[in-house]
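Structural characterization, general
If you want the building blocks of each chain, they are given just below.
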Amino acid sequence: MKLSESYYQGNDVVAISRDLLGKYLFTCIDGITTGGYIVETEAYNGAIDKASHAFGNKQTLRTQTMFMPGGISYVYLCYGIHEMFNIVTSVEGTPHAILIRAINPTEGLELMQLRRNMPVVKPNITAGPGSVAKALGITRKINAVSLQSDTIWIEDSGLSFPDNEIAAVPRIGVSYAAEDALLPYRFYVKGNIYVSKPNK
């Protein structure tokens, strides 16, 4: 059921990012599984992408995970507040990554509500990358953990979306990336209530 390691090691991060829509992301933290299917992603095309942490092959303590072989988690802290979960793709030395921006929750909803301090389920429970990570219990403690592990993994259950149900638009919050900010590297399922705002 888990996506194979070779799935993540393809060199087209944009195509993989789109293909991940409909795949199921799960975590098992403290023996409890939570998860749902992916409805929004963003591709980061490594050394040539001005929006990427690894632009220009920049290697730091934070980015070193991105240079590892594809099929592992890349978790970093954003604005000193939000943990952000990314999937490292491609081969060792090529720092491609895909940010998971939203999932449609299907399993472990009560625990997600507890983690998000949300007595009533609202669409923003897993809308936006910070919300996804918090709802699924993802922290930097699982940075560089294999997606073949029993802690975090992705499954293909046969759910897919036709092209007319998927939007390909510029990424969010990367205005610093000049012309690369306009690249249509953000993918989402049209009409899904869990997709982060803006939906355009």
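The paragraphs below set out a description of the structure included in this document. Please read all numbers here as calculations on a predicted model, not as lab measurements.

Basis of the calculations
- Residues numbered from 1 in each chain as written.
- Predicted model: local features only at pLDDT ≥ 70, side-chain atom pairs only at ≥ 80, totals over all residues.
- Heavy atoms only, no water.
- 1 Å grid on protein atoms, 1.4 Å probe; cavity = no way out; pocket = protein on both sides within 12 Å on 5 of 7 lines; lining within 4 Å.
- Points joined across faces, edges and corners; volume = space filled by probe spheres on them.
- Helix = DSSP H or I, 4+ residues; strand = E, 2+ residues; numbered from the N terminus.
- Nonpolar A, V, L, I, M, F, W, Y, C, P; charged D, E, K, R; others polar.
- Phe/Tyr/Trp six-rings, centres within 6.5 Å; stacked < 30°, edge-to-face > 60°.
- Buried < 20%, exposed > 50% of the residue type's maximum accessible area, 1.4 Å probe, protein only.

**Focus on the layout of surface pockets**
Using a probe with the size of a water molecule, rolled over the atoms, empty space left in the structure can be pinpointed. The volume enclosed by the largest pocket comes to roughly 520 Å³. Forming the boundary of the largest pocket are 25 residues, of which Tyr76, Cys78, Tyr79, Met84 and Ile172 lie nearest the centre. When residues of the lining of the largest pocket are traced back to their parent elements, those giving at least two are β2 (32-44), β3 (72-78), β4 (82-89), β5 (96-107) and α4 (129-136). Its residues assigned to classes, the lining of the largest pocket comprises 15 nonpolar, 8 polar and 2 charged. Here the second largest pocket is characterised by a volume of approximately 190 Å³. Lining the second largest pocket are Ile81, His82, Glu83, Arg116, Gly130, Ser131, Ala133, Lys134, Gly137, Ile138 and Thr139. The set of elements that each furnish at least two residues to the lining of the second largest pocket consists of β4 and α4. With 4 residues, the single largest contributor to the lining of the second largest pocket is α4. Class assignment for the residues of the lining of the second largest pocket results in 3 nonpolar, 5 polar and 3 charged.

**Examining the packing of aromatic side chains**
Under the counting rule described, the total for this entry stands at 6 aromatic pairs. Ring centres 6.1 Å apart and planes at 15° place the aromatic pair Tyr24 and Phe26 in the stacked group. Residue Tyr24 shares its accessibility class with Phe26, and that shared class is buried. Residues Phe26 and Trp153 carry aromatic rings whose centres are separated by 5.8 Å and whose planes lie at 35° to one another, so their mutual orientation is tilted. One end of the pair, Phe26, is in strand β1 (residues 24-29); the other, Trp153, is in strand β6 (residues 152-155), with 127 residues separating them in the sequence. The same class applies to Phe26 and to Trp153, which are both buried.

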